[in-house]
Structures are given as C-alpha cells and as structure tokens.
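Listed here are the chains, written in short residue letters.
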Amino acid sequence: MEGSGEFLLKESPNDGISSLTFSPVADSSALLVSSWDKTVRLYDVDSNSLQGVHKANLPVLDCCFYDKSRAYSGGMDCKVICYDFSSSFEKVMGKHDDVVRCVEYCPEVGVIISGSWDKNVKVWDPRHQQPVITAANPERVYTMSCVDEKLIVGTAARKVLVWDLRNMNFPQQRRESSLKYQTRCIRCFPNKQGYVLSSIEGRVAVEYFDPSPEVQKMKYAFKCHRVKDSGNEMIHPVNAISFHSGYNTFATGGSDGFVNIWDGFNKKRLCQFHRYPTSISSLSFNANGTLLAIASSYLYEEDKDEPPAPDSIYIRQISDAECKPK
C-alpha cells in the first residue's frame, strides 16, 4: 500500500503507459491499459489481477472498451484493431495513413472513432470493416473526447473542432485553444456543457459549447502543475484529465508527478495527492467515481542521467471529501 486506500497494480506494462481507462459499466472493476511495450492489457482491479494481454506489432497509443470482453486500440502501426479478450480473436477494422493517436467508443451513437496524425477522424460501425465516414481536420489529431453525439478534437497548431457524430460532413464549431501552447489533453464535462483542455505549459482551460456571449463570459483558464524549486518555477505539461461522472469535478495529472482534483464550475482545487514517482501519463475514474487509476510513467521531458522510475499503475480509493464540490 502507498497510503490509505491506494495500491499498486500487479504486472504493469514494462514500457511507457500511453493510456488507461476503466470500463464505463457501473460497478465494473475492469481496467484497460495501452503501452509502448506493444500491448493492451485487461485487469480486474478488485482482485488486482491481469486478465489478458493483446500483443500488437508496434507501440499502442490509445484504447477503449466496446463491451466487457472486447476492446479497440490504435497506435504506431496505423491500424484500428478490435480484440476479444474472452476468445483471443483479433480483427483489424481498418487503417489510417499515419499513426493512430486516439480511439473512442460512443455508445449513444454506436460507433468507434479514431483520430490520427494523418489529420483525419474516422468513424467506424463495429459491424463493418470500412469507416462510415472520414472527416478531415486542419492538423494532426492529438486528443479527442466524446459525450453523447458530440465529439471534440484537439489538433496540432492549437485547433479545436466540435463535431456532431450524427452528421460529420462539417464541424459544428471551429475554435482555437485559448492556451498559447500545444494542446495535450481534452475531456468533455459529463453534463455536456463544455470541455476542459490542458497544454504542455502548466495550464488548463475550462470552455463552454454555447457560443452566446453571456455563456462565453464564463470560460477561464488557470495555472497548475508548477513547482517552485530554489526560487525558480518549473512549469510542467498537464498530460491527463479525467472527469468524475457524478459530480462533474475533474482530476488532472502532470509531469510534476502530482494529481489534483478540481471543481471547474466553482474555480476551486479540492485536493492534491502525494507526489508520484514520475510523470502522470494517464488518469481514469471508474464509472461510480469511487476509484481513480493513475499511470505514473516517465515521458522523457528531460534528459536525465539516472534511469527513470518504473512504469506503475496506482489504484486510489476516492472519498467524497476529495471530489465533491464544496
């Protein structure tokens, strides 16, 4: 145990952890993890056990659940792959022309979405091996998030596009990040009012979909994941965001090794956990908001002589005091 209500997951990946995500099913303890070690791993968190491993040809950059046994993933081999952990059956859904950076499942519309460095977002019907539609974006896709039929895409050159998955012929909104530096992560508010965006320069922006001037007045940005050392301020990338589905509060993880929980509507930090051994590369609340999976995985932001801390996944029990708006 690393403290009250926190433990290390056994048999974690042996290279950088690119993403982790809990099953969206209530009361499920299934956790999916993708890694630069060319694997997608399925864990049962309650029993702290590895349930299965899918081995890819090249590093895997993202993954998502489709149902309790099937998962989708994408990575450096430019393929979108479906893998069934119960039968060990693999199906290549299709390809992009460059690295697949993001994979999402939208249960409300029943589609898989992949975003790539080829500047395209492809929408897949799980029943077929051809994309339903390919939507061009202005730049390389770095991060995506969906809530109901809305898809938010963050690209290189600080572009943000809001798409409607029911009509991908054109984006609903074209925006530019309100942050001055490269976008690292975007996640939608569960209440569908907006999204949170983080950058490589220790900042987070809270944005709203409604374009009316009175709603747009509510948007703001704040500094975070900055550490003072000997009078100097070290500014770290904010790599990961995850929302608590019940309270609309969110956790951020940075290359400073810290995890913070924020109340975005009331502009408050609710808590900060202890410092983890190295960069936080990914975060995921479970469906009930009672657990937070934390990937501590060095992202090579600095040239260090000593070897980095091992790649680790912490499972932390979350109390209302840590995540409920005050």
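So, a few notes on the structure that sits alongside this text.

The sheet contact formed by strand 26 (residues 259-263) and strand 27 (residues 268-272) spans four bridges and is antiparallel. Across the sheet, the residue bridging to Asp-263 is Lys-268, located in strand 27. Turn length for the strand 26-strand 27 hairpin, with the two strands adjacent in sequence and antiparallel, is four residues, and the turn residue Lys-267 shows positive phi of about 55°.

Let us now look at the environment of Val-60. Here Val-60 lies in strand 6 (residues 60-65). Overall, Val-60 belongs to the buried group, its relative accessible area being 3%. Taking the C-alpha atoms as reference points, Val-60 and Ala-287, 227 residues apart in sequence, are found 24 Å from one another. What Val-60 contacts, discounting residues up to four positions off in sequence, is Ser-18, Ser-34, Ser-35, Trp-36, Lys-38, Thr-39, Val-40, Ser-73, Gly-74 and Gly-75.

Read across the sheet, four strands follow the order 24-25-26-27 without closing on themselves; strand pairing throughout is antiparallel. Whereas interior strands pair on both sides, the edge strands pair on one side only; in this sheet they are strand 24 (238-243) and strand 27. Sheet twist, expressed as the average angle between the axes of neighbouring strands with direction ignored, equals 25°. Sheet topology places strand 24 next to strand 25 (residues 250-254); five bridges connect them, and they run antiparallel. Bridge pairing in strand 25 links Ser-242 to Ala-251.

With that settled, consider the side chain of Asp-164. Tracing the backbone shows Asp-164 in strand 16 (residues 159-164). Relative accessible area serves as the criterion here: at 11%, Asp-164 is assigned to the buried category. Here Arg-166 takes part through its side chain, which lies 2.9 Å from a polar atom of the side chain of Asp-164. Residues in contact with Asp-164, not counting those within four places in the same chain, are Glu-149 and Gln-172.

So, on to the packing of aromatic side chains. How two aromatic rings sit relative to each other is given by the distance of their centres and the angle of their planes. Throughout the structure, instances matching the rule amount to 13 aromatic pairs. Plain terms: the ring middles of Phe-189 and Phe-243 are 4.7 Å apart, the flat faces sit at 55° to each other, and that makes the pair tilted. Placement of Phe-189 in the loop between strand 18 (183-188) and strand 19 (194-199) and of Phe-243 in strand 24 is noted, with a sequence separation of 54 residues between them. Taken together, the ring pairs connect Phe-189, Tyr-208, Phe-243, Phe-250 and Phe-265 into an aromatic cluster. Here the guanidinium or amino end of Lys-150 rests over the ring plane of Phe-209, the centre of that ring lying 5.2 Å away.

Cut-offs used in this document
- Residues numbered from 1 in each chain as written.
- Predicted model: local features only at pLDDT ≥ 70, side-chain atom pairs only at ≥ 80, totals over all residues.
- Heavy atoms only, no water.
- Pairing = 2+ DSSP bridges.
- Helix = DSSP H or I, 4+ residues; strand = E, 2+ residues; numbered from the N terminus.
- Buried < 20%, exposed > 50% of the residue type's maximum accessible area, 1.4 Å probe, protein only.
- Contact = heavy atoms within 4.5 Å.
- Axes fitted to C-alpha atoms, helices over the stretch in contact; angles between N-to-C directions.
- Polar contact = N/O pair within 3.5 Å; in protein donor to acceptor, adjacent residues only side chain to side chain.
- Phe/Tyr/Trp six-rings, centres within 6.5 Å; stacked < 30°, edge-to-face > 60°.
- Lys NZ or Arg CZ within 6 Å of the ring centre and 35° of its normal.

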